[in-house]
Amino acid sequence: MEGVSSLDEPLKKLLGGATAKVMAEHLDLHTVGDLLHHYPRRYEERGKLTALTDLPLDEHVTVVAQVADARVLTFNNGRGKRLEVTLTDGTGRLQLVFFGHGVHKPHKELLPGRQAMFAGKVSVFNRKMQLAHPTYQLLDASDADEATEAVDAFAGRLLPIYPACKQLDSWRIAKAVDAVLPSARDAVDPLPASLREGRGFTPLPEALLKVHRPQTRTDIEDARARLKWDEAFVLQVALARRRYADTQLPAAARRPVADGLLDAFDAKLPFTLTEGQEKVSKEIFDDLATEHPMHRLLQGEVGSGKTMVALRAMLAVVDAGGQAAMLAPTEVLAQQHHRSITEMMGELAEGGMLGGSDRGTKVVLLTGSMGMAARRQALLDLVTGEAGIVIGTHALIEDKVRFHDLGLVVVDEQHRFGVEQRDALRSKGKQPPHLLVMTATPIPRTVAMTVFGDLETSVLDQLPAGRSPIASHVVPAKDKPHFLARAWERVREEVENGHQAYVVCPRIGDDAEEAGGKGGAKAKAKKAASEEDAEKRPPLAVLEIADELRKGPLAGLRVEVLHGRMHPDEKDDVMRRFAAGEVDVLVATTVIEVGVNVPNATAMVIMDADRFGVSQLHQLRGRVGRGSAPGLCLLVSEAHEASPARARLSAVAATLDGFELSRIDLEQRREGDVLGQAQSGVRSSLRMLTVIDDEEVIAAAREEAVAIVAADPELEHLPELRTVLAALLDKEREEYLDKG
């Protein structure tokens, strides 16, 4: 298979060390194949200017534009010089600015009427969009310098614009692509011939050629359609093989018994389950009754009753003679789950104890910070089988922990849990246990098919009766300071009416490192652009805000703080007092994001809200309105009215539908960063596919993949597909898929 080798060549062999180093460090491109799969983000037509009106803020962009005018200004009593160039596309304008010694060359070259490609980061200065110190490439210069050659070498009229970085402009990347393009003919085609011909796809070498050097717009469409399919298909084959392998694993079937623990629990429930809970419970019980391990993802909004569904599954497993373990990402959360589960079960959680039910079982907590004696007792209860249910943090996974017969593992907030943990837990059962993963982050169907593709999905989408609506508003602190004053008045009103409030901040603020870590770079930047006052201030901090509120707008109220660096006992104490109504306002970091349940808290003010992601804001907001009184969520931001950050906040304020928001979140993050960094394996392999737009492609690829794997699980008859899979699923990604 000599073809693979030329795509495996390290880039430094073809491009020279310096360029290869930048590509490796800043763009994660190491081999010829990596660069061939670094596709253009878009294409500009030569002679046609880029629309300057809708450039994204804070992003590295490349534009083709015309110089409208240029002038040199002095400041600092004539000691400093700056060149301001105005670009136009006929509709909008964009300001360029060069400082100091960087003024001379552009001043000679960027003459009115000249056309060029410009690359830099878009910022706002004095309410105008600008690029500071952009690199540029003249498109109509007569002197044949190396850069002009690079631009002239582009086929046809379409200039490919590559995802670039500060250290390497799009046109230099284009030049590097020219050097590796001949290797495209060695690309191994993963699609089975019948599938490729059946769907009329362009062969892979041709698709690579067309995507980098298209002659026409149709070339681009053909190439993209083909390359998208490859990505979706190879990934879905990997996931289909995972699911197939799981169906081959043995597991003990766990069927609930009549008149057992589950029936006793259901009989004492003060309410009936929602239709959704009934439906999802049935899906889970059907899975538990089979001889191979369940792998199910249970997604539901905050407060949709996931814990109730999971608890009933755990009780059914205990009825069937097994044990169930629930894994939480933090100690605070584990303790909360333990508290709420023992409360829900009542005397059924006191099996073997005085006053406990004879049908009951023991529910134990196991965390890292427990005292020795309590820990020893918990471990003993697990190994003898006395404890049917254990709730804990990853302390559950340690070698010392032995189970009598582990039948079900419930993982709360999956993407905080690594691969190794899931495997380590699996190995604790006599046979692989059944697995239920819960998440409160609503995940669109396509993402579920891609990122959680080895899990079957159940969705709880109704809120239980008695939950109140939450009103959300954006508070533009910079444009309208009186809005912020009114926000604190609203918090006071809620407290006066007997309720409580949260104030959330992005950082803690007790740490020189935290504020100063980025300081060095900031000072340098400040020096370079001495009269640029558009310095971003550091994010607001819990300790500072709490202090200001106690002295100012919330003076006289009981204001406490909660953050991740406090001692666990201290955290617990604050949470307990807040839950008991002894604290009016809790100023916290996102430690409250998951699982904190205080029905009397009705208001939340999120400071610097633009520094949080859409789904995180949605999660945080879910902490209020948990009782019968309506909730209020205020999103405080200094972001510019026209910025993407403000658009995000308006979207969060406009809807309470988590699935709708997760869609918006994805559309804004575009670049395949589907669920944060945890998805590195899949992210690095998704270059062309946008999970949100390509639902049909993903669904079709999944169908084909399932059929192919069912017919030939080892892919014996498809050596090319096997080769490509092996390359995609190097160890790390294989594990990533493992953790789902």
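### Description of the overall build of the protein chain
Now for step 1: Within the protein chain one finds 29 helices and 21 strands.
Now for step 2: Per-residue burial over the protein chain gives 53% buried out of 740 residues.
Now for step 3: Nonlocal contacts in the protein chain, meaning residues at least 24 apart in sequence, comprise 74% of its contacts between residues at least 6 apart.

### A word on the sheet that holds strand E21 (residues 631–637)
Now for step 1: Strand order in the open sheet formed by 6 strands is E16-E21-E20-E17-E19-E18, with parallel pairing between adjacent strands. The outermost strands of the open sheet, each flanked by one partner alone, are strand E16 (470–476) and strand E18 (559–562). Pairwise comparison of adjacent strand axes, ignoring direction, gives a mean angle of 20 degrees for this sheet.
Now for step 2: In this sheet, E21 lies alongside strand E20 (residues 601–606) in parallel orientation, the contact comprising 4 bridges. Bridged to Val-605 within E21 is Leu-634.

### Considerations on unusual backbone geometry
Now for step 1: Unlike most non-glycine residues, Asp-28 shows phi in positive territory, near 60 degrees.
Now for step 2: The residue Asp-28 is located in the loop between helix H3 (17–27) and helix H4 (32–36) in this model.
Now for step 3: A residue is classified by how much of its surface remains accessible, and Asp-28, at 46% relative accessible area, is partly exposed.
Now for step 4: One non-glycine residue, Leu-715, lies in the positive phi region at around 55 degrees.
Now for step 5: Tracing the backbone shows Leu-715 in the loop between helix H27 (695–711) and helix H28 (719–728).
Now for step 6: Residue classification places Leu-715 among the buried positions, given a relative accessible area of 0%.

### Side note on the sheet that holds strand E11 (residues 362–366)
Now for step 1: Within the open sheet, the 7 strands sit side by side as E11-E12-E10-E13-E14-E9-E15. Their pairing is parallel. Single-partner strands in this sheet number two, and they are E11 and strand E15 (456–460). Here the average twist between neighbouring strands, direction ignored, is 20 degrees.
Now for step 2: Where strand E9 (residues 295–300) meets strand E14 (residues 434–439), 5 bridges bridge the pair, whose relative direction is parallel. Counted as the bridge partner of Leu-298 is Met-438 from E14.

### Re the pattern of salt bridges
Now for step 1: The tally for this structure, following the rule as stated, stands at 34 salt bridges.
Now for step 2: The shortest N-O distance in the salt bridge between Glu-206 and Lys-210 comes to 3.3 Å. Of this pair, Glu-206 and Lys-210 are both found in helix H9 (residues 204–212), 4 residues apart, which corresponds to roughly one turn of the helix.
Now for step 3: For Lys-210, a relative accessible area of 16% translates into the label buried.
Now for step 4: One salt-bridge network, held together by shared partners, links Arg-486, Glu-489, Arg-490, Glu-493 and Glu-494.

### Things to note about the pairing of E20
Now for step 1: The element E20 is largely enclosed, with a buried count of 6 among its 6 residues.
Now for step 2: Pairing of strand E17 (residues 500–504) with E20 involves 5 bridges; the strand directions are parallel. Of the residues in E20, the one forming a bridge with Val-503 is Val-605.
Now for step 3: Regarding the hand of the β-α-β motif, the stretch spanning E20, helix H23 (residues 614–621) and E21 is right-handed.

### Here we look at the nonpolar core
Now for step 1: Of all hydrophobic cores here, the largest spans 40 residues; its most connected members are Met-345, Ile-389 and Leu-408.
Now for step 2: If you tally residues by element for this core, the top one is helix H13 (residues 306–319), at 10 residues.
Now for step 3: When sequence neighbours within four positions are dropped, the list of residues in contact with Leu-408 reads Leu-288, Met-294, Ala-313, Met-314, Val-317, Gln-323, Ala-324, Ala-325, Pro-433, His-434, Leu-435 and Leu-436.
Now for step 4: Core analysis: the second largest hydrophobic core is formed by 32 residues, Met-23, Tyr-39, Ile-220 and Leu-227 among them.

### Section: the side chain of Thr-367
Now for step 1: For Thr-367, the location among the structural elements is in the loop between E11 and helix H15 (372–384).
Now for step 2: On the accessibility criterion, Thr-367 (1% relative accessible area) is buried.
Now for step 3: Look past the residues within four positions of Thr-367 in its chain and what remains in contact with it is Glu-331, Ala-334, Arg-375, Thr-393 and Ala-395.

### Examining helix H21 (residues 542–551)
Now for step 1: When we look at burial in H21, the residues that qualify are Val-542, Ile-545, Ala-546 and Leu-549. Each buried residue of H21 lies within a common arc of 100 degrees when the element is viewed along its axis, so the set occupies one face. Facing away from the buried side of H21 by over 90 degrees, the exposed positions are Glu-548 and Lys-551.

### Section: the packing of aromatic side chains
Now for step 1: Counting across every chain of the model gives 5 aromatic pairs.
Now for step 2: Here the aromatic rings of Phe-98 and Tyr-136 are separated by 6.4 Å at their centres, their planes lie at 85 degrees, and the arrangement is edge-to-face. Taken together, the residues Phe-98 in strand E4 (residues 93–99) and Tyr-136 in strand E7 (residues 135–138) connect sequence positions 38 residues apart.
Now for step 3: Take Tyr-136: its relative accessible area is 16%, and that puts it in the buried class.
Now for step 4: With 5.1 Å between their ring centres and 55 degrees between their planes, Tyr-502 and Phe-578 make a pair best called tilted. You can see Tyr-502 sitting in strand E17 and its partner Phe-578 sitting in helix H22 (residues 568–579), a full 76 residues away along the chain.

### Quick word on helix H12 (residues 275–288)
Each α-helix turn comprises 3.6 residues. Residues three or four places apart therefore point the same way.
Now for step 1: Here H12 spans 20 Å end to end across 14 residues, near enough to the 20 Å set by a 1.5 Å rise per residue.
Now for step 2: Along H12, the positions that sit buried rather than exposed are Gly-276, Gln-277, Val-280, Ser-281, Ile-284, Phe-285, Asp-287 and Leu-288. Angularly, the buried residues of H12 cover 160 degrees about the axis, an arc narrow enough to put them on a single face. Facing away from the buried surface of H12 by more than 90 degrees, the exposed residues are Glu-275 and Lys-282.
Now for step 3: Those residues of H12 hidden inside the fold are in contact with helix H11 (261–267), E9, H13, strand E13 (406–412), E14 and E15.

### Brief notes about the packing of H23 against helix H24 (residues 644–654)
Now for step 1: With their axes 10 Å apart at the nearest point, H23 and H24 run at an angle of 35 degrees to one another. As for the relative orientation of H23 and H24, their crossing is right-handed in sense. Across the interface between the two elements, Val-614, Leu-617 and Arg-621 from H23 touch Arg-648, Leu-649, Val-652 and Ala-653 from H24.
Now for step 2: Here the residues of the contact of H23 with H24 sort into 5 nonpolar, no polar and 2 charged.

### What to know about the side chain of His-212
Now for step 1: With respect to the secondary-structure elements, His-212 resides in helix H9.
Now for step 2: Polar side-chain contacts of His-212 include one of 2.7 Å to the backbone oxygen of Leu-36.
Now for step 3: When sequence neighbours within four positions are dropped, the list of residues in contact with His-212 reads Leu-35, Leu-36, His-38, Tyr-39, Pro-40, Pro-160, Tyr-162, Val-177 and Leu-181.

### Brief notes about the confidence of the model for the protein chain
Now for step 1: Overall, the predicted model of the protein chain reaches an average pLDDT of 80, with 83% of residues at or above 70.
Now for step 2: Here residues 512–535 is modelled with pLDDT under 50, and outside its nearest four sequence neighbours on either side it reaches 25 contacts, counting other chains as well.
Now for step 3: Note on residues 734–740: pLDDT under 50 across the span, and 33 contacts to partners over four residues away in sequence or across chains.

### What to know about the environment of Arg-445
Now for step 1: Looking at the secondary structure, you find Arg-445 in helix H17 (residues 445–450).
Now for step 2: In contact with Arg-445, not counting residues within four places along its chain, are Glu-695 and Ala-699.

### Quick word on the packing of H12 against H13
Now for step 1: Direction vectors running N to C along H12 and H13 enclose 35 degrees, while the axes themselves pass 10 Å from each other. Once H12 is placed against H13, the crossing between them reads as right-handed. Mapping the contact onto sequence places Gln-277, Val-280, Ser-281, Ile-284, Phe-285 and Leu-288 in H12 and Met-308, Val-309, Arg-312, Ala-313, Ala-316 and Val-317 in H13.
Now for step 2: For the contact of H12 with H13, a count of residues per class yields 9 nonpolar, 2 polar and 1 charged.

Rules behind the numbers
- Residues numbered from 1 in each chain as written.
- Predicted model: local features only at pLDDT ≥ 70, side-chain atom pairs only at ≥ 80, totals over all residues.
- Heavy atoms only, no water.
- Helix = DSSP H or I, 4+ residues; strand = E, 2+ residues; numbered from the N terminus.
- Buried < 20%, exposed > 50% of the residue type's maximum accessible area, 1.4 Å probe, protein only.
- Contact = heavy atoms within 4.5 Å.
- Pairing = 2+ DSSP bridges.
- Axes fitted to C-alpha atoms, helices over the stretch in contact; angles between N-to-C directions.
- Salt bridge = Lys/Arg side-chain N within 4 Å of Asp/Glu carboxyl O.
- Right-handed = clockwise from strand over helix to strand, strands pointing away.
- Core = buried A, V, L, I, M, F, W, Y, C linked by side-chain atoms within 4.5 Å.
- Arc of directions from axis to C-beta.
- Phe/Tyr/Trp six-rings, centres within 6.5 Å; stacked < 30°, edge-to-face > 60°.
- Expected span 1.5 Å × (residues − 1).
- Left-handed = near helix turned anticlockwise from the far one by under 90°.
- Nonpolar A, V, L, I, M, F, W, Y, C, P; charged D, E, K, R; others polar.
- Polar contact = N/O pair within 3.5 Å; in protein donor to acceptor, adjacent residues only side chain to side chain.
- pLDDT = per-residue confidence, 0-100.

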